[in-house]
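Read off the chains here:
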Amino acid sequence: MATPPPTREEENAQENDLIEILESFGCFESNVELRHRENVVQRLESLFKEWLIEMCLQMNLPGIVPQKVGGKLVPFGSHHLGVASKGADIDVLCVGPGFLQRKDFFSSFVRKLKRQREVKDIRVIEEAFVPVLKLTFEGIEIDLVFARVARNRVPQEMDLLREDWLQGTDLHSVRSLNGYRVTEEILRLVPNVQNFRLALRTIKLWAKQRNIYSSSLGFLGGVSWAILVARICQEYPNASASTLVTKFFKEYNMWKWPNPIMLRELKDCHFNLPVWDARVNLADRSHSMPIITPAYPMQNTAFNVTPSTLAIMKEEIQRGHTIACWSQLFEKPNFLRKYKHYVLLQATSATEEQHPAWVGLVESRIRHLVVNLERNVLVTRAHINVQSYPERSTGNARAPVRTKWLIGLVFNEQGGQHLSIDLTPNLQRFSDIVHSVAGRCQMFREGMSTSARYMSQKDFSWDLPQESGRRVISEEPQPSVSTAAPSLTSHQATKRSRSPHSESSSKKFKSDEGPSKEVCLSQSKSGGLKRARTPESESPSKRVRTDLLRPAET
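Thresholds applied
Residues numbered from 1 in each chain as written. Predicted model: local features only at pLDDT ≥ 70, side-chain atom pairs only at ≥ 80, totals over all residues. Heavy atoms only, no water. 1 Å grid on protein atoms, 1.4 Å probe; cavity = no way out; pocket = protein on both sides within 12 Å on 5 of 7 lines; lining within 4 Å. Points joined across faces, edges and corners; volume = space filled by probe spheres on them. Helix = DSSP H or I, 4+ residues; strand = E, 2+ residues; numbered from the N terminus. Nonpolar A, V, L, I, M, F, W, Y, C, P; charged D, E, K, R; others polar. Buried < 20%, exposed > 50% of the residue type's maximum accessible area, 1.4 Å probe, protein only. Contact = heavy atoms within 4.5 Å. UniProt positions renumbered as here; feature names shortened; annotations may be inferred. Phe/Tyr/Trp six-rings, centres within 6.5 Å; stacked < 30°, edge-to-face > 60°. Lys NZ or Arg CZ within 6 Å of the ring centre and 35° of its normal.

Glancing now at the layout of surface pockets. Of the volumes computed, that of the second largest pocket is approximately 580 Å³. The wall of the second largest pocket is formed by 19 residues, among which Gln14, Thr243, Thr246, Ile323 and Ala324 lie closest to the centre. In terms of residues, the lining of the second largest pocket owes the most to one element, helix 8 (residues 241-254), which gives six residues. In the lining of the second largest pocket, the residues fall into ten nonpolar, six polar and three charged.

Inspection of the secondary structure assignment puts Ala199 in helix 6 (residues 193-209). Residue Ala199 is classed as buried on the basis of its relative accessible area of 2%. When the C-alpha atoms of Ala199 and Ala226 are compared, they prove to be 9.4 Å apart, with 27 residues separating the residues in sequence. With residues up to four places along the chain from it excluded, the contact list for Ala199 reads Val229, Ala241, Leu244 and Val245.

On to unusual backbone geometry, then. With the exception of glycine, the majority of residues adopt a negative phi angle, and the majority of peptide bonds are in the trans configuration. Cis rather than trans, the peptide bond between Trp257 and Pro258 has omega equal to 15°. Looking at where Pro258 falls in the secondary structure, it is placed in the loop between helix 8 and helix 9 (307-322). With an omega of -5°, the peptide bond running from Tyr296 to Pro297 counts as cis. Mapped onto the elements, Pro297 comes out in the loop between helix 8 and helix 9. Its identity is not glycine, yet Asn60 carries a phi of approximately 50°, on the positive side. Inspection of the secondary structure assignment puts Asn60 in the loop between helix 2 (31-59) and strand 1 (72-76). In this structure Asn60 comes out as exposed when scored by relative accessible area, which is 65%.

So, about the UniProt feature "binding site: Mg(2+) 1" (unreviewed entry) in the protein. Per the UniProt annotation, the sites labelled "binding site: Mg(2+) 1" (unreviewed entry) are Asp89 and Asp91. By the secondary structure assignment, Asp89 is in the loop between helix 3 (78-81) and strand 2 (90-97). The class for Asp89 is partly exposed, based on a relative accessible area of 27%. Beyond its immediate chain neighbours, meaning those up to four positions away, Asp89 contacts Arg37, Ser78, Glu141 and Asp143. Along the polypeptide, Asp91 turns up in strand 2. In contact with Asp91, other than residues within four places in its own chain, are Val74, Pro75, Phe76, Gly77 and Asp143.

To continue, consider the packing of aromatic side chains. For the structure on display, the rule yields 23 aromatic pairs. With a centroid separation of 5.8 Å and 80° between ring planes, the pair formed by Phe48 and Phe109 is classed as edge-to-face. Of this pair, Phe48 sits in helix 2 while Phe109 sits in helix 4 (residues 102-114), and the two are 61 residues apart along the sequence. As far as burial versus exposure is concerned, Phe48 and Phe109 are alike and both buried. Measuring from centroid to centroid gives 5.6 Å for Trp206 and Trp225, while their planes differ by 80°, and the two rings are edge-to-face. Of this pair, Trp206 sits in helix 6 while Trp225 sits in helix 7 (residues 222-235); the two residues are 19 residues apart in sequence, bridging distant segments of the chain. Here the aromatic cluster, defined as three or more aromatic residues joined through ring pairs, consists of Trp206, Trp225, Phe248, Phe249, Tyr252, Trp255 and Trp257. Lying over the aromatic face of Phe129, Arg175 brings its terminal NZ or CZ to 3.7 Å of the ring centre. When the ring centre of Tyr213 is taken as reference, the NZ or CZ atom of Lys208 above it lies at 4.9 Å.

What follows is the structure, encoded as structure tokens:
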């Protein structure tokens, strides 16, 4: 017998309860905070337009009137969607004329910003998929992206949704423009913006609390969650926000991935730009969770999703479908009790100033390590915890700064037979990739290093921040793959020194899965950490290896 739909009074009561819980989590900005954000955006717009005039005067181009070159600066993302929470950053698009070069924005404009006393912590990331300029303006974190259009003037009234602006535009600019274009299209495609916003705030909070909110680490980012919620709004145009949340979990619990989520039909303007279309592009058919942007050129916002992260998100959606209480929906999981085996990653810097850029680079490559671990036939799941753990010394200003991440592992035990699982190639490749990218970016500074090591659940003596309890990771010497930054005069990775009398010995850690299983790792008696050789050049006893032992069945 079908359950009758809730009455209007019941829906109102559920919505009021939902708003109260969201307020307790700081999901709403005050009017003062909102005005502050708007003032910051206006101030940045003035600086950008001033810079455009200065560049025109400096370049002295014929036929260009500096005072009429214009320029456009618009926020996008959560701020433009109207779902920004307290302390959230602001994504901002800067649009300039075609005669400017991208390098001008990331050099000349950066110098102008550095002269402003309100601006702090400037960081340029030109190598990103969408090049970005990160900074803090009057305490608010800002992500600036730049696009140039094939025009000599950029009027304020320019409609960025017009597709003809994209013709002849470079790919980096198209990607930057689409941040705003996708956000604006979502707002235009939902039938009730107010209900959409409240439902999206709820889903974003749930995803963050359940540690599945991170595009860079293989889960979903803000735009993906927004598209998922927007589709539910299209399916149920008259539903209240609380009902939309319920329908969200019901619909996606039944969804058959990789069937794509789309807010409108696929469209190709034939501007020679890459468009997601699994009907014609073989590579698009391999995507695990296609969530397609509604603006041309349409792209899959969830291309980073891996088999493991898809399985984890499906489990969380199923859990959400079974929960009837708002407070239970937002309960945080305990990651250290979820798995029996882990990989501990660590990024180390010499100073606080160097650390954010180094952490950003290392974190941007963790997803690739997860993918490599998944390719190991004996690894059935690799689950990266999106909550990192920063370590800062409180007493010694010269002490190194560290950030740690954990990857939970599930091994395929194949009926309990003896398994030898060698993780060294995966961990070594991760360290090598980070080292290589940092070298190309000229980011290395003395004191920077990365390391990766296996740990079992019992090796933890504390909980991660924001989880129940306060356990900490044991600092006993453990075998690891470690890559240190070279000195400024060298371009090769350094090795930690070894004792001349060091010998390889096996250190065993019993897992919690039963008395018949052990985890065996190689470690020198001196406790020194060694950069691993290639698999072909080292003996099996020197590799980071997990041996799961179980007596043969009789």
